[in-house]
Amino acid sequence: MLPQKMKKAVTDNPKKLANLIDLVNLPSTLREFVGQSQISRLGCFMRVWSYIKTNNLQDPNDKNVVNCDEKLKSILLGKPQVDLAELPALIKLHFPKEPK
């Protein structure tokens, strides 16, 4: 079941959902991290989040901050720390925009 905000966003603009779930060929850095040559943006975000949780990379004092290890730095522009709010935007940079 989708949250009310998301339902409204999807019904107002179905392309938003398509952009999240369409398979895309990945650049080499992201391909090495994910272990696949194609994945959706949503799938990629879920893999990154799973990696963060599995490796306990959230800051223990502030759960809204991720302390990046070398592997995570390689896909997040080399930043040592990333706020959770900016994580989707950093992942989105790896996905080329569709020509209109």
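- An unreviewed UniProt entry annotates the chain as DM2 domain-containing protein originating from Hevea brasiliensis.

## Some thoughts on unusual backbone geometry
In most cases, non-glycine residues show a negative phi, while peptide bonds are predominantly trans.
Here comes step 1: If you check the backbone angles, Asn-56 has positive phi at about 50° while not being a glycine.
Here comes step 2: By the secondary structure assignment, Asn-56 is in the loop between helix H4 (41-54) and strand S3 (65-67).
Here comes step 3: Given the relative accessible area of 65%, Asn-56 is considered exposed.
Here comes step 4: Phi at Leu-77 takes a positive value of approximately 60°, unusual for a residue other than glycine.
Here comes step 5: Its location among the elements puts Leu-77 in the loop between helix H5 (70-73) and strand S4 (81-83).

## Focus: the pattern of salt bridges
Here comes step 1: Counting across every chain of the model gives 2 salt bridges.
Here comes step 2: Notably, a salt bridge pairs Glu-70 with Lys-73, separated by 3.4 Å at the nearest N-O pair. Of this pair, Glu-70 and Lys-73 are both found in helix H5, 3 residues apart, which corresponds to roughly one turn of the helix.

Scoring rules and cut-offs
- Here, residues in each chain are numbered from 1, in the same order as that chain's written sequence.
- Reporting in this predicted model follows two pLDDT cut-offs: at least 70 for local features of residues, and 80 or more for side-chain atom pairs to be given and counted; totals over whole chains, interfaces and linings ignore these cut-offs and use all residues.
- Side-chain numbers come from the whole structure's heavy atoms, not from hydrogens or water.
- Note on conventions: DSSP H or I runs of at least 4 residues are helices, E runs of at least 2 residues are strands, and numbering of each starts at the N terminus.
- A 1.4 Å probe rolled over the protein chains alone gives each residue an accessible area, and that area as a share of the maximum for its type sets the label: buried under 20%, exposed over 50%, partly exposed in between.
- In the sections that follow, a salt bridge refers to a side-chain nitrogen of Lys or Arg positioned within 4 Å of a carboxyl oxygen of Asp or Glu.

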